[in-house]
Amino acid sequence: MATSKLGEHTSQQYEQELTNIRSKVIRMGGLVESQVEAGLKALVSSDGALGEEVATSDYKINTLEVEIDDACTRIIALRQPAASDLRVVVTVIKTITDLERIGDEAEKLGRLAVELAAVDREPGYFTQLKHLGEHVRAALRGALDALTRLDVDLAMKVALEDKMVDQEFDALMRQLITYMMEDPRSIPRSLQVMWCARALERIGDHCKNICEYVVYMVKGKDIRHTSMKNSEAAK
Amino acid sequence: MQKSVSIEQPVMDNMQPAKSIMVQSSKDTDFEFTGTVGNIAAANPRMVTRNVDVFYGEKQAIFDVSLDIGTNEVIAMIGPSGCGKSTFIRCLNRMNDTIESCKVSGEIRLDDKSIYRKKQDVVQLRARVGMVFQKPNPFPKSVYDNVAYGVRIHGLASNKMELEEIVVSSLRRAGLWDEVKDRLDAPGTSLSGGQQQRLCIARTIAVNPEVILMDEPCSALDPIATARIEELIDELRENYTIAIVTHSMQQAARVSQRTAYFHLGYLVEVGETSQVFTNPAHKLTEDYITGRFG
């Protein structure tokens, strides 16, 4: 996360504490991103071993979440942050919750990859899933970039694009229903693919949340639960 | 009348007119003032100031400050040392008159009447606009007489009973009654620092002012005494209008509804306290409240 456009704090230690938090959030974002990437890869390439690895690596993200949470609590208790500093701390606390949930979804992808790798695969399912996955990965990348560079325009763009992920998800859902109606034997597998799609769609939602936090952090305006038209006005 | 210029007169000795010397000129820095950010007007103003300039001799301490102080609101003045916030509130009850070299120009009105008009009785003004100082400064008298003093001078009580009533209710409102009711004859100076400050507040409210000015009222107090005073400020707000100068940003955030940020004699920003502390509009305000200078 870039330091805000302001100068440094008079207290060097405070400056350092905030910098530490920022760099940890970025590290956590990087970890989450690689987990999602690996989970997707395991899924589309039927790589059970990779899936297993993803499913068991989530603890790293969780540990970071606890560490950052702790550091934020300390800053609030000891430094009483105000204005942009306060917004940074509040945003960080919320962001890491969403990042941790994305990590959980990635873990889910890993587990499902292990199960799906063990069964026959119908290529049709996975092209769609891959497509959805690409969208979600782009959203995650965009959200993390916006967070790192405090880029409000990018954050708004990514938040808006969450609709596309939702549409993609709906399309996949319809396709799965068709499969299931055509051949009831495909129901167990279709359901598993559906869980995957659901996990990806949730990741998209978390990315949108992070983007909204970025707007709040930079502009001090809360754009949650407002129509995008209003959000544009907030800029 | 001549003898008692002001009920706060004994106070003048331990105030620091030296502060005026510390005021820096704007030429010292690259700060360029482009007008106050935020809404200077209050919905229901009790005091109105417009284009106030203050000079200490040659040196200008306040530049063109315009600000309303709303009825029943607590407005906090914050800013680095020498930014003119104390100078500004001391204009509001003409406390600066006591500094020979001090010149005030511009408009300052209380309930729509200029307080610098020729006919203004300064003693009367200071009864209506009371002041509490940084260091508790009880008179060298008993607790009772500290509070009764101003009431007697201003002839606010017609008999002993009434006087006693005012003293007791003032002490109660200042949250001090329970602690001093058994030692009203003890010298005011025998109380603890926090109690002395509350005694000073009781003394101020005894003369039934409309506005109370507080110049860093808690800077000499411990956290518990501070919390009591802050609690008291909140209660007093129902009946009075309060302007408080404080170096504690948290205090400003806790007690005030509006916050004004001063910088090198300029009023840089004024706004709702919650907005100023979460999303200030001016970069200097942001720098100051986040501890980037000052």
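Each value, and the rule that gives it
Residues numbered from 1 in each chain as written. Chains lettered and ligands numbered in written order. Predicted model: local features only at pLDDT ≥ 70, side-chain atom pairs only at ≥ 80, totals over all residues. Heavy atoms only, no water. Helix = DSSP H or I, 4+ residues; strand = E, 2+ residues; numbered from the N terminus. Buried < 20%, exposed > 50% of the residue type's maximum accessible area, 1.4 Å probe, protein only. Contact = heavy atoms within 4.5 Å. Areas by Shrake-Rupley, 256 points an atom, 1.4 Å probe, with all protein chains shown as cover. Pairing = 2+ DSSP bridges. Buried area = accessible area lost by both parts, 1.4 Å probe. Salt bridge = Lys/Arg side-chain N within 4 Å of Asp/Glu carboxyl O. Phe/Tyr/Trp six-rings, centres within 6.5 Å; stacked < 30°, edge-to-face > 60°. Lys NZ or Arg CZ within 6 Å of the ring centre and 35° of its normal. Right-handed = clockwise from strand over helix to strand, strands pointing away. Polar contact = N/O pair within 3.5 Å; in protein donor to acceptor, adjacent residues only side chain to side chain. Patch = residues over 30% accessible without salt bridge, like charges linked within 9 Å, V, L, I, M, F, W, Y side chains within 5 Å. Axes fitted to C-alpha atoms, helices over the stretch in contact; angles between N-to-C directions. Parallel < 35°, antiparallel > 145°, perpendicular 65-115°, else oblique. Left-handed = near helix turned anticlockwise from the far one by under 90°. Nonpolar A, V, L, I, M, F, W, Y, C, P; charged D, E, K, R; others polar. Core = buried A, V, L, I, M, F, W, Y, C linked by side-chain atoms within 4.5 Å.

Peer 1: Can you help me understand the overall build of chain B in this one?
Peer 2: Broken down by element type, chain B carries eleven helices and ten strands. In chain B, which comprises 294 residues, the proportion classed as buried is 56%. Pairs at least 24 residues apart make up 70% of the contacts formed inside chain B by residues separated by at least 6 positions. Surface exposure of chain B reaches about 12,700 Å², of which carbon and sulfur atoms provide 49%.

Peer 1: What's the story with the sheet that holds strand β2 (residues 59-70) of chain B in this structure? I'm lost.
Peer 2: Two modes of strand pairing occur in sheets, parallel and antiparallel, and in both the strands are linked by backbone hydrogen bonds. Residues and elements named next belong to chain B. In spatial order, the strands read β2-β1-β4-β5; together these four strands make up an open sheet with antiparallel pairing. The two strands at the open ends of the sheet, each matched to only one other strand, are β2 and β5 (113-114). Relative to β2, strand β1 (residues 45-56) runs antiparallel, the two sharing eight bridges. Each bridged residue has a counterpart across the sheet, and for valine 54 the counterpart in β2 is isoleucine 62.

Peer 1: So what exactly am I meant to see when it comes to the interface of chain B and chain A here?
Peer 2: How large an interface is tends to be reported as the accessible area lost when its parts come together. Residue-level contacts link 13 residues of chain B with 17 residues of chain A. Together, the buried faces of chain B and chain A total about 1,200 Å²; carbon and sulfur atoms form 45% of this surface. Of all residues in chain B, the largest losses of buried area upon contact with chain A belong to Thr278, Asn279 and Arg292 of chain B, amounting jointly to 46% of the total for that side. When the shortest N-O distance is used, the salt bridge between arginine 292 of chain B and aspartate 85 of chain A registers 3.3 Å. Of all the secondary structure elements, the ones that give two or more residues to the side of chain B that touches chain A are α10 (273-278) and α11 (283-289) of chain B. Counting residues per element, the side of chain B that touches chain A draws most heavily on α11 of chain B, which supplies four residues.

Peer 1: Any chance you could explain the packing of aromatic side chains here in plain terms?
Peer 2: Pairs of aromatic rings are described using the distance from one ring centre to the other and the angle between the two planes. Residue and element names in this part refer to chain B. Considering all chains together, one arrives at five aromatic pairs over all chains under this definition. For the ring pair phenylalanine 33 and tyrosine 266, a centre distance of 4.5 Å and an interplane angle of 25° mean the geometry is stacked. One end of the pair, phenylalanine 33, is in the loop between α1 (19-22) and β1; the other, tyrosine 266, is in strand β10 (residues 266-272), with 233 residues separating them in the sequence. Residue class for tyrosine 266 comes out buried when judged on its relative accessible area of 14%. On the basis of an interplanar angle of 65° and a centroid distance of 5.0 Å, the ring pair of phenylalanine 139 and tyrosine 149 is categorised as edge-to-face. Here the residue phenylalanine 139 occupies a position in the loop between β6 (129-132) and α4 (143-153), and tyrosine 149 occupies one in helix α4, the gap between them amounting to ten residues. The exposure class assigned to tyrosine 149 is partly exposed, which follows from its relative accessible area of 25%. Feature note: the residues Phe33, Phe63 and Tyr266 constitute an aromatic cluster, connected by ring pairs. Across the ring face of phenylalanine 139, the terminal group of arginine 203 is positioned such that the distance to the ring centre comes to 4.2 Å.

Peer 1: It is not clear to me how the pairing of strand β8 (residues 241-245) of chain B should be interpreted in this structure. Could you clarify?
Peer 2: Consecutive residues of a regular strand have side chains that alternate between opposite faces of the sheet. Residues and elements named next belong to chain B. The element β8 is largely enclosed, with a buried count of five among its five residues. The alternating pattern of β8 places Thr241, Ala243 and Val245 on one face and Ile242 and Ile244 on the opposite face, and all of these are buried. For strand β7 (residues 211-215) and β8, the ladder comprises five bridges, and the chain directions are parallel. What sits directly across from methionine 214, in β8, is isoleucine 244. Since β7 and β8 lie parallel, the crossover through helix α8 (residues 223-236) that links them has a hand, and here it is right-handed.

Peer 1: How should the pairing of β2 of chain B be read in this particular structure?
Peer 2: With ten of twelve residues buried, β2 of chain B is to be regarded as a mostly interior element. Connecting β1 of chain B to the antiparallel partner β2 of chain B that follows it, the hairpin turn spans two residues, and glycine 57 of chain B within it adopts a positive phi of roughly 65°.

Peer 1: Is there a simple way to think about the side chain of asparagine 146 of chain B in this case?
Peer 2: Residue and element names in this part refer to chain B. Relative to the elements of secondary structure, asparagine 146 occurs in helix α4. Judged by relative accessible area, which is 0%, asparagine 146 ranks as buried. Of note is the side chain of asparagine 146, whose polar atom sits 2.7 Å from the backbone nitrogen of phenylalanine 139. A distance of 3.3 Å separates the side chain of asparagine 146 from the backbone oxygen of lysine 141, its partner in a polar contact. Each residue touching asparagine 146, except ones within four places of it in the same chain, is listed here: Pro138, Phe139, Lys141, Gly188, Leu199 and Arg203.

Peer 1: Any chance you could explain unusual backbone geometry here in plain terms?
Peer 2: All names here are of chain A. With phi around 45°, alanine 83 is a residue other than glycine that occupies positive phi space. The backbone of leucine 150 shows a phi angle near 50°, a positive value even though the residue is not glycine. Tracing the backbone through its elements, the reader meets leucine 150 in the loop between α5 (123-149) and α6 (152-182). A residue is classified by how much of its surface remains accessible, and leucine 150, at 14% relative accessible area, is buried.

Peer 1: Which parts of the structure should I look at to understand a nonpolar patch on the surface?
Peer 2: Residue and element names in this part refer to chain A. A surface patch of nonpolar side chains, about 270 Å² in accessible area, is lined by Ile187, Leu191 and Trp195. Structurally, the position occupied by tryptophan 195 is in helix α7 (residues 187-219). Accessibility expressed as a relative area gives 47% for tryptophan 195, which makes it partly exposed.

Peer 1: Is there a simple way to explain the packing of α4 of chain B against helix α5 (residues 160-173) of chain B in this structure?
Peer 2: A packed helix pair is summarised by two numbers, namely the angle formed by the two axes and the spacing between the axes. All names here are of chain B. Two numbers describe how α4 lies on α5: the axes approach to 9 Å, and their chain directions differ by 120°. One way to sum up the angle between α4 and α5 is to call them oblique. For α4 against α5, the interelement crossing comes out right-handed. For the pair formed by α4 and α5, the contact residues are Tyr144, Val147, Ala148, Val151 and Arg152 on the first element and Leu163, Glu164, Ile166, Val167, Ser170 and Leu171 on the second. Within the contact of α4 with α5, the residues separate by chemical class into eight nonpolar, one polar and two charged.

Peer 1: Hey, could you run me through the nonpolar core in this one?
Peer 2: Nonpolar side chains tend toward joint burial in soluble globular proteins. Core analysis: the biggest nonpolar cluster contains 66 residues, and Val25, Ile68, Val92, Leu99, Ile102, Leu129 and Leu200 of chain A have the highest contact counts within it. Going through the elements one at a time, α1 (12-44), α2 (48-56), α3 (58-79), α4 (83-117), α5, α6 and α7 of chain A are the ones with two or more residues in this core. Core analysis: the second largest hydrophobic core is formed by 53 residues, Phe31, Val168, Ile233 and Leu236 of chain B among them.

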